Protein chains: 2
Amino acid sequence: MGAKPAGKRTDAEGSDEAGAERRLERLGRNIVDDIYNSKNPRFTTTTRSRSNTIYDKKGGFLRLGDATEDHTFINISQSKRFMQTMAIASKCHSFLEQNLHTSIRGLFYQLKYSLGDEVDENLFNEQTESNPLIEDLELTLGVRRESLNLNANRKGVLVGNMRVVDRFGEGAEMDMSKMGRSGWAIPSDVDNDIDFVDVKAKYVLVVEKDALWVRLNEDGFWKKENCILISTIGQAARGARRLIRKFADMGLPIYVFNDGDVWGWYIYWTIKTGSMNLAYIGKDIATPEARFLGVTISDLDRYEFLKSMTMKATEFDLKRAQEMLKYPWINQHKEWVDELKLVIKTRLKLEQDSLQGPRLTFVDDYIKEKINSKAYLP
Amino acid sequence: MGAKPAGKRTDAEGSDEAGAERRLERLGRNIVDDIYNSKNPRFTTTTRSRSNTIYDKKGGFLRLGDATEDHTFINISQSKRFMQTMAIASKCHSFLEQNLHTSIRGLFYQLKYSLGDEVDENLFNEQTESNPLIEDLELTLGVRRESLNLNANRKGVLVGNMRVVDRFGEGAEMDMSKMGRSGWAIPSDVDNDIDFVDVKAKYVLVVEKDALWVRLNEDGFWKKENCILISTIGQAARGARRLIRKFADMGLPIYVFNDGDVWGWYIYWTIKTGSMNLAYIGKDIATPEARFLGVTISDLDRYEFLKSMTMKATEFDLKRAQEMLKYPWINQHKEWVDELKLVIKTRLKLEQDSLQGPRLTFVDDYIKEKINSKAYLP
């Protein structure tokens, strides 16, 4: 009997790198046992399909359902994928043993080799073949790729009253209140060999655009307000999403400050409920506690100057606003229904940059007012 | 008589923020003098056109030629632009007085206001109107926008044996050898209120992809080799290009390690000779001393395993390779002509990630071998 999918484990192996190594070894042993017992080698994953992606109403995030699928070796349509998955598992095990990391592109190149003179074929020809098998493996083992020593693309910066203890290499302790104009670059892996300590902040402010983060950092906003100031620099990377989740686990309120348009909304909902693509690790990276500070079209009633700052919404904006009204995780909130309907009615959008219109530091006041008056969206 | 363009100045005003403030004030005074003397208010910029963009063969970079153009107020086709440019100059002066920075988008929003009830028009409606006028102003004043307190988008990371003294805000001193897995995020402005000190390195290695930077950082490559390790994370931002120029000014050799394809070449030549778009500040951000380590298609003769790592060049790759052969700054180098012709002949390309094929740390050996055997391209 092969390895079981993540949700059904009963063992006490950790999901960190050490746990990942043990789980990989157990997966291997189970496959070998299958062979010795004359069974068809097999492992089980959770099905990653649209129909098995559900919105967990109680938890408030997108996750996979209970449907699982078996992968077997003696099966004409599965044997190549099975072999390829084992090759990936073997490589990840060797990365863990060597204590070295790479990207999923680096992994692909380690697997892009000929199967030998008798078979005129490579193990892998395109990265599009290896990527879904990495997700299979993450689900089978119940660990995220970051603990298999596979780095994801990183993006995002942070500053605030806290320290980062990074045991990577020879180790480094960094004071997040002494990062100058730059801020700390949020890495891919924020779980292994890294700690976030002395977190002395009242809340976390997540800002869509780096330009606004730079503006707020210059004003010392994080210092005056005692918050942790993050920019996701557009769509949030896995590492940034995971780190936001970790701050929420520390009990810190999470406020998101984005554009009032399709991308701003999308970035917010990805942070809050997760995304279809990453529903397979939804619980670990979604932050349902997040709140949307703005900017919103309803802000036009609060701030007179904003009326000359609007842009025309595109057909794409309006179409997406209509679609969002159909999502149960959105239309359960009256405030969001009102906001989206207002966008559709006025055909307007607003950028967060426009808050610099009256004076550069107005953006600081806007954020404080929104938080203090609880004028945010759920 | 209005302000003169950059190249023709004879004054000793600095090009830093303090110098920029003085130059803005002089520009204003000159305009006022023109008015009092019943002259048509006027300022002069260097012409930013393809025909006035030249390759400076002696210097080895793209720059603007000597053609200038006058902008006058009493001129039906120029008066609006003139007024808009003065409004930008006035805003930049106020940013310098307040000691606050913003982005060119932030500047645009400060200028997106109605000209009053009698004129049913905004001063600016689109950022595409203000962007070229900022360049006019940079040329008229002879300062880059960073010294006008206008931030450009930033991108890029750095680690190495050196320190950054950032006098931004309350100031921060950061040890670039203690940045853990993250590295220091290279800011937009690497000239004002910032110093790069105790630079103890033999050379600078500039890496196209962040994933390879992360790989090399994990191996402690910069420590073992005593180099400064930078990733531009794709196309280099203004700040990263300027910083590379500054390291070259310190006498450090600059080696660039990119993909062996259209984008890798383009990123290299942008660092080395500058680009058409930024020819107006070419001298300040181009690094003609840079050398291209690879990867190259000629590497296939050096490393047997690379033969199974190649990708097919696209028609776009091949077309661009043909075009590059026509550029005088490229076809003056026999080594580049040979490489590009080899690409066209073999119809192959190579990614830097593929150097992880035999083992993850092979990339370290590759770089060392390329540098030690001087097997780089000019």
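Here the structure is a predicted model, which is why all the values come from computation and not from measurement. (Residues numbered from 1 in each chain as written. Chains lettered and ligands numbered in written order. Predicted model: local features only at pLDDT ≥ 70, side-chain atom pairs only at ≥ 80, totals over all residues. Heavy atoms only, no water.)

Draft legend 1. Local environment of the domain arrangement of chain A. All names here are of chain A. Each domain of chain A was delimited in the assignment, giving domain 1 (6–151) and domain 2 (157–372). Placing the centre of domain 1 and that of domain 2 at their C-alpha centroids yields a distance of 33 Å. The contact between domain 1 and domain 2 buries some 1900 Å² in all, and 58% of this surface belongs to carbon and sulfur atoms. Linking domain 1 with domain 2 are four salt bridges, by the criterion used here. Taken together, the connections running from domain 1 to domain 2 amount to 10 residue pairs in polar contact (both at pLDDT 80 or more). Of all the secondary structure elements, the ones that give two or more residues to the side of domain 1 that touches domain 2 are β2 (53–56), β3 (61–64) and α4 (127–141). Of the residues forming the side of domain 1 that touches domain 2, the biggest block, four residues, is contributed by β3. In terms of residue class, the side of domain 1 that touches domain 2 is built from five nonpolar, five polar and 10 charged. (Domains from an automatic or database assignment. Buried area = accessible area lost by both parts, 1.4 Å probe. Salt bridge = Lys/Arg side-chain N within 4 Å of Asp/Glu carboxyl O. Polar contact = N/O pair within 3.5 Å; in protein donor to acceptor, adjacent residues only side chain to side chain. Helix = DSSP H or I, 4+ residues; strand = E, 2+ residues; numbered from the N terminus. Nonpolar A, V, L, I, M, F, W, Y, C, P; charged D, E, K, R; others polar.)

Draft legend 2. Quick look at the relation of the copies chain B and chain A. Overlaying chain B with chain A gives an RMSD of 0.0 Å, the required rotation being 180° about an axis along which the chain moves by 0.0 Å. The superposition operator between the copies reduces to a two-fold rotation axis. Taking the C-alpha atom as reference, chain B places Ala185(B) closest to the rotation axis, 3.1 Å from it. Comparing interface residues between copies, 100% of those in chain B also lie at the interface in chain A; the contact surface is shared. (Least-squares fit on C-alpha atoms with pLDDT ≥ 70 in both. Contact = heavy atoms within 4.5 Å.)

Draft legend 3. Representation of the sheet that holds strand β9 (residues 172–175) of chain A. Residue and element names in this part refer to chain A. The strand order across the open sheet formed by three strands is β9-β8-β11, and the pairing between neighbours is antiparallel. The outermost strands of the open sheet, each flanked by one partner alone, are β9 and β11 (194–197). Neighbour-to-neighbour, the strand axes of this sheet turn through a mean angle of 15°, independent of strand direction. Relative to β11, strand β8 (residues 163–166) runs antiparallel, the two being bridged by four bridges. (Pairing = 2+ DSSP bridges. Axes fitted to C-alpha atoms, helices over the stretch in contact; angles between N-to-C directions.)

Draft legend 4. Fine view of the packing of helix α1 (residues 17–36) of chain B against helix α4 (residues 127–141) of chain B. Residue and element names in this part refer to chain B. Contact geometry for α1 and α4: axes closest at 10 Å, N-to-C directions at 95°. As summarised for this structure, α1 and α4 are arranged roughly perpendicular, according to the angle between their axes. Within the contact between the two elements, α1 uses Arg23, Leu24 and Leu27 and α4 uses Leu137, Thr140 and Leu141. Among the residues forming the contact of α1 with α4, the class breakdown is four nonpolar, one polar and one charged. (Parallel < 35°, antiparallel > 145°, perpendicular 65-115°, else oblique.)

Draft legend 5. Fine view of the sheet that holds strand β9 (residues 172–175) of chain B. All names here are of chain B. Taken in spatial order, the three strands of this open sheet run β9-β8-β11, and their pairing is antiparallel. Looking at strand neighbours, the two that pair on one side only are β9 and β11 (194–197), the edges of this open sheet. Ignoring strand direction, the axes of neighbouring strands in this sheet form an average angle of 15°. The sheet contact formed by strand β8 (residues 163–166) and β9 spans four bridges and is antiparallel. Each bridged residue has a counterpart across the sheet, and for Arg163 the counterpart in β9 is Asp175.

Draft legend 6. Highlighting the packing of helix α5 (residues 210–218) of chain B against helix α13 (residues 362–372) of chain B. Residue and element names in this part refer to chain B. Axis separation between α5 and α13 bottoms out at 9 Å; the angle between their running directions is 90°. Taken together, α5 and α13 sit at an angle that is classed as roughly perpendicular. For the pair α5 and α13, contact is made by Leu212, Arg215 and Leu216 and by Val363, Asp364 and Ile367, respectively. In terms of residue class, the contact of α5 with α13 is made up of four nonpolar, no polar and two charged.

Draft legend 7. Representation of the interface of chain B and chain A in the model. Between chain B and chain A, the contact holds 56 residues from the first and 56 residues from the second. Its largest share of buried area at the contact with chain A, chain B owes to Tyr109(B), Arg154(B) and Arg181(B), together 18% of the area lost on that side. Ionic pairing is found between Arg105(A) and Glu351(B), a salt bridge with its closest N-O pair at 2.6 Å. Taken together, chain B and chain A are joined by 34 residue pairs in polar contact (both at pLDDT 80 or more). Breaking the side of chain B that touches chain A down by element, the ones donating at least two residues are β5 (102–103), α3 (104–111), β9, β10 (184–185) and α5 of chain B. Top contributing element to the side of chain B that touches chain A by residue count: α5(B), with seven residues. By residue class, the composition of the side of chain B that touches chain A is 20 nonpolar, 18 polar and 18 charged.

Draft legend 8. Geometry of a nonpolar patch on the surface. All names here are of chain A. A contiguous nonpolar surface patch, about 510 Å² in accessible area, is contributed by Phe73, Ile74, Met83, Tyr113, Leu115 and Val119. Tracing the sequence through the fold places Met83 in helix α2 (residues 79–98). On the accessibility criterion, Met83 (32% relative accessible area) is partly exposed. (Patch = residues over 30% accessible without salt bridge, like charges linked within 9 Å, V, L, I, M, F, W, Y side chains within 5 Å. Areas by Shrake-Rupley, 256 points an atom, 1.4 Å probe, with all protein chains shown as cover. Buried < 20%, exposed > 50% of the residue type's maximum accessible area, 1.4 Å probe, protein only.)

Draft legend 9. Structural detail: the pattern of salt bridges. Using the criterion set out here, one finds 76 salt bridges over all chains in the structure. Glu138(B) is the partner of Arg145(B) in a salt bridge, and the nearest nitrogen-oxygen pair spans 3.0 Å. Look at Arg145(B) and you get buried, because its relative accessible area is 8%. Glu138(B) sits in the buried class, given a relative accessible area of 3%. A network of salt bridges, in which partner residues are shared, links Arg48(A), Arg81(A), Glu135(A), Asp136(A), Glu138(A), Arg145(A), Glu146(A) and Arg238(A).

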